[in-house]
Protein chains: 2
Amino acid sequence: MGTTQLETVPEPKYWHLKTVLSEALESEFSVGEILPNERDLAARFGVARATLRQALEQLELEGRLQRRRGVGTTVAPPRVGVAVGTEQHAWPGAGNDVWQAVDCAVAAPPAAVSAVLETGREEAVYTVRRSRVSHGQPVAAELLYIPASSVPELSAIDAPSGPARARAVLRELQRLELEGQESAVELGSARADDAKELDRLPGAPVLVVTTRFLADGRTAALSVATYRADTCRLTFGDSGGVEIHQDPERRAS
Amino acid sequence: MGTTQLETVPEPKYWHLKTVLSEALESEFSVGEILPNERDLAARFGVARATLRQALEQLELEGRLQRRRGVGTTVAPPRVGVAVGTEQHAWPGAGNDVWQAVDCAVAAPPAAVSAVLETGREEAVYTVRRSRVSHGQPVAAELLYIPASSVPELSAIDAPSGPARARAVLRELQRLELEGQESAVELGSARADDAKELDRLPGAPVLVVTTRFLADGRTAALSVATYRADTCRLTFGDSGGVEIHQDPERRAS
DNA sequence: GAGTGGTCTAGACCACAGA
DNA sequence: CTGTGGTCTAGACCACTCT
């Protein structure tokens, strides 16, 4: 038989579903509105719940939806732009910093961190935890690794832990002359502790920003910040940034 | 009964699986090696295939694995660092550009793009497609939107489309004085066309970098570049960048 | 054709939020 | 308590790659 077969490429159901839902979101729902529950939606579209969920997951990944266990699925607001990598090189904690120091510990960092800091394999470093809030919502959690050699004047008589200790460490760090900083962004999934702080489930997609602070010809501090990928758009340069969202599968109609 | 119940929080199976696999990857496999197929792995761990797949998906998201239909699952090499947002402001296509022009069309852009370019709703703009290759692999696909007002001298006698046309448009663009550029990074999923160019399935996670080029007090061009999130680490600053990977759930042992 | 990952189903139970 | 999303199962078939 001459299987004429235009209509090649049988589009996956969940992909088509995603498109349909996406259009419905724009025309029939407003931000914050809650959608019907997954079982109803699946029935309405005549698919299994797992298939429906695959579509919802993608929409959540794109920051269009927000799902919370025990509550429901709501239409997400546009992503908030968070400035990162301001070109005005500055030490963490300096001046008008958007970060808030949470805690400070002294411990051996992960091996990958030791390698960058050029510290010994089991050598302990100051580990400062900070969190970043924007528009009332937590958007990022950070771990700052600072080798003792970067803050030689730090006296042991200060508080041994807690926010006060964290601030003391950062204050000492600022005595060094910052020669430069370089950052990298990559996709990751939230560890249990970060997830908790970001009010997400473990494994949630995050944007990991690692920043190396250079002073004295070496890496004086290393920051590993994890941003909620669903709600954040990281901006570089003159802050604020562009208001563009990817417009899936469509050229303005 | 006094359900003593230490061991609260029943960790999801797929989460535990991911940890186990992650450790196995480091100790028992080398880059490029292929893993047993999903059915065998699921049987070996005593879970359903869907559960195993949930773990594999996360590891792929983190850039630890690479899966290809009809072939198998392999251990991925470390992410490649790609420089983006070099602070040396420069027009696209200028000098030693890492991008390669593919095509050029004249069409009405998505509404979100029109808004930024301040063009009319149905006004056509030059749309240049470019691709970026690193280490022999395609890492990014870009759409560059350039309103006709940014390249007034462009004569219609050049090739009407194709790479030659694209290069001609970029050449004209460079006559303007670049006043600045600002970028933003966010998570997205690959459209069908981008996915094809990146050798991935539609919906694959991508890092979307939108860059606004400023000249003459307005947005002279807008770039929307989608990078493979599984294989790329975007670096800012003195390029090269930090060799850090998130070390899930573990402090150096 | 054989073997792989990708999609899909129709159920079940669990963890959590809110009344 | 009810209702929500999150996890999990044991199948089935499809699309693709390679031989």
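The structure we're discussing is the one just above.
Scope of this entry: the structure provided in the associated data block. (Residues numbered from 1 in each chain as written. Chains lettered and ligands numbered in written order. Predicted model: local features only at pLDDT ≥ 70, side-chain atom pairs only at ≥ 80, totals over all residues. Heavy atoms only, no water.)

Before going further, it helps to spend a moment on the overall build of chain A. Along chain A, the regular secondary structure elements total six helices and ten strands. Out of the 253 residues in chain A, the part that is buried amounts to 51%. In chain A, 62% of the contacts between residues at least 6 apart in sequence involve partners at least 24 apart. Total accessible area on chain A stands at roughly 12500 Å², and carbon and sulfur atoms take up 51% of it. (Helix = DSSP H or I, 4+ residues; strand = E, 2+ residues; numbered from the N terminus. Buried < 20%, exposed > 50% of the residue type's maximum accessible area, 1.4 Å probe, protein only. Contact = heavy atoms within 4.5 Å. Areas by Shrake-Rupley, 256 points an atom, 1.4 Å probe, with all protein chains shown as cover.)

Residues in contact with DNA strand C amount to 27 residues; listed here are only the nearest, Lys13(A), Thr51(A), Asn37(B), Arg49(B) and Arg53(B). A breakdown of the atoms of DNA strand C within 4 Å of the protein gives sugar and phosphate a share of 70%. Contacts to DNA strand C include Arg69(A), whose side-chain N or O atom sits 3.4 Å from a sugar or linking oxygen. Contact distances for DNA strand C include 3.2 Å between a phosphate oxygen and a side-chain N or O atom of Thr73(B). When residues of the surface near DNA strand C are traced back to their parent elements, those giving at least two are helix 1 (13-28) and helix 3 (49-61) of chain A together with helix 2 (38-45), helix 3 (49-61), strand 1 (65-68) and strand 2 (72-75) of chain B. Sorting elements by how many residues they give to the surface near DNA strand C places helix 3 of chain A first, with four residues. Taken together, the residues of the surface near DNA strand C sort by class into nine nonpolar, seven polar and eleven charged. (Near = heavy atom within 4 Å. Polar contact = N/O pair within 3.5 Å; in protein donor to acceptor, adjacent residues only side chain to side chain. Nonpolar A, V, L, I, M, F, W, Y, C, P; charged D, E, K, R; others polar.)

Residues and elements named next belong to chain A. Their axes nearest at 9 Å, the elements helix 2 (residues 38-45) and helix 3 cross at an angle of 105°. One element, helix 2, and the other, helix 3, form an angle in the roughly perpendicular class. Between helix 2, through Glu38, Arg39, Leu41 and Ala42, and helix 3, the contact on the second element is made entirely by Arg49, Leu52, Arg53 and Leu56. Broken down by class, the residue content of the contact of helix 2 with helix 3 amounts to four nonpolar, no polar and four charged. (Axes fitted to C-alpha atoms, helices over the stretch in contact; angles between N-to-C directions. Parallel < 35°, antiparallel > 145°, perpendicular 65-115°, else oblique.)

Quick look at the protein's contact with DNA strand D now. For DNA strand D, the set of nearby residues contains 27 residues, the closest of which are Asn37(A), Arg49(A), Arg53(A), Lys13(B) and Thr51(B). Sugar and phosphate atoms represent 67% of those atoms of DNA strand D found within 4 Å of the protein. The side chain of Tyr14(B) places a nitrogen or oxygen atom 2.9 Å from a phosphate oxygen of DNA strand D. One of the side-chain nitrogen or oxygen atoms of Arg69(B) is found 3.4 Å away from a sugar or linking oxygen of DNA strand D. Residue assignment for the surface near DNA strand D shows that the elements contributing at least two residues are helix 2, helix 3, strand 1 (65-68) and strand 2 (72-75) of chain A together with helix 1 (13-28) and helix 3 of chain B. For the surface near DNA strand D, the residue count by class is nine nonpolar, seven polar and eleven charged.

Right, let's get into the packing of aromatic side chains. Across all of its chains, the model carries five aromatic pairs over all chains by this definition. Here Phe236(A) and Phe236(B) contribute two aromatic rings whose centre-to-centre distance is 3.6 Å and whose plane-to-plane angle is 0°, an arrangement assigned as stacked. With one member in each of two chains, Phe236(A) in strand 10 (residues 232-236) and Phe236(B) in strand 10 (residues 232-236) form a pair that bridges those chains. Phe236(A) sits in the buried class, given a relative accessible area of 8%. On the basis of an interplanar angle of 75° and a centroid distance of 6.1 Å, the ring pair of Trp99(B) and Tyr227(B) is categorised as edge-to-face. (Phe/Tyr/Trp six-rings, centres within 6.5 Å; stacked < 30°, edge-to-face > 60°.)

All names here are of chain B. Within the secondary structure, proline 10 sits in the segment before helix 1. A relative accessible area of 78% places proline 10 in the exposed class. Residues proline 10 and phenylalanine 29, 19 residues apart in the sequence, show an inter-C-alpha distance of 29 Å.

We now examine the pattern of salt bridges. If charged atoms from side chains of opposite charge come close, those side chains can pair. All names here are of chain A. Under the counting rule described, the total for this entry stands at 40 salt bridges over all chains. Among the ionic pairs, aspartate 194 bridges to arginine 129, the shortest N-O distance being 2.8 Å. Within this pair, whereas aspartate 194 is found in helix 6 (residues 192-198), its partner arginine 129 is found in strand 5 (residues 125-134), the two being separated by 65 residues in sequence. For the pair formed by aspartate 194 and arginine 129, the shared burial category is buried. (Salt bridge = Lys/Arg side-chain N within 4 Å of Asp/Glu carboxyl O.)

The mixed open sheet is built from eight strands, whose spatial order is 3(A)-10(A)-7(B)-8(B)-9(B)-6(B)-5(B)-4(B). Looking at which strands have only one partner, the edges of the open sheet turn out to be strand 3 (80-83) of chain A together with strand 4 (99-107) of chain B. Adjacent strand axes in the sheet meet at a mean angle of 25° when their direction is disregarded. For strand 4 of chain B and strand 5 (residues 125-134) of chain B, the ladder comprises eight bridges, and the chain directions are antiparallel. Across the sheet, residue Ala105(B) finds its bridge partner in strand 5 of chain B, namely Thr127(B). (Pairing = 2+ DSSP bridges.)

Right, let's talk about unusual backbone geometry for a bit. Positive phi is not limited to glycine here, since His135(A) has a value of about 55°. In this structure, His135(A) sits in the loop between strand 5 and strand 6 (137-146). His135(A) gets classed as exposed once you look at its relative accessible area, which sits at 70%. The phi dihedral of Asp216(B) is positive, around 65°, even though this residue is not glycine.

On to the sheet that holds strand 5 of chain A. Taking strand neighbours across the sheet as the criterion, the eight strands line up as 4(A)-5(A)-6(A)-9(A)-8(A)-7(A)-10(B)-3(B) in an open arrangement whose pairing is mixed. Unpaired on one side and paired on the other, strand 4 (99-107) of chain A together with strand 3 (80-83) of chain B mark the two borders of the sheet. Taking the axes of each pair of neighbouring strands and ignoring which way they run, one obtains an average angle of 25° across the sheet.

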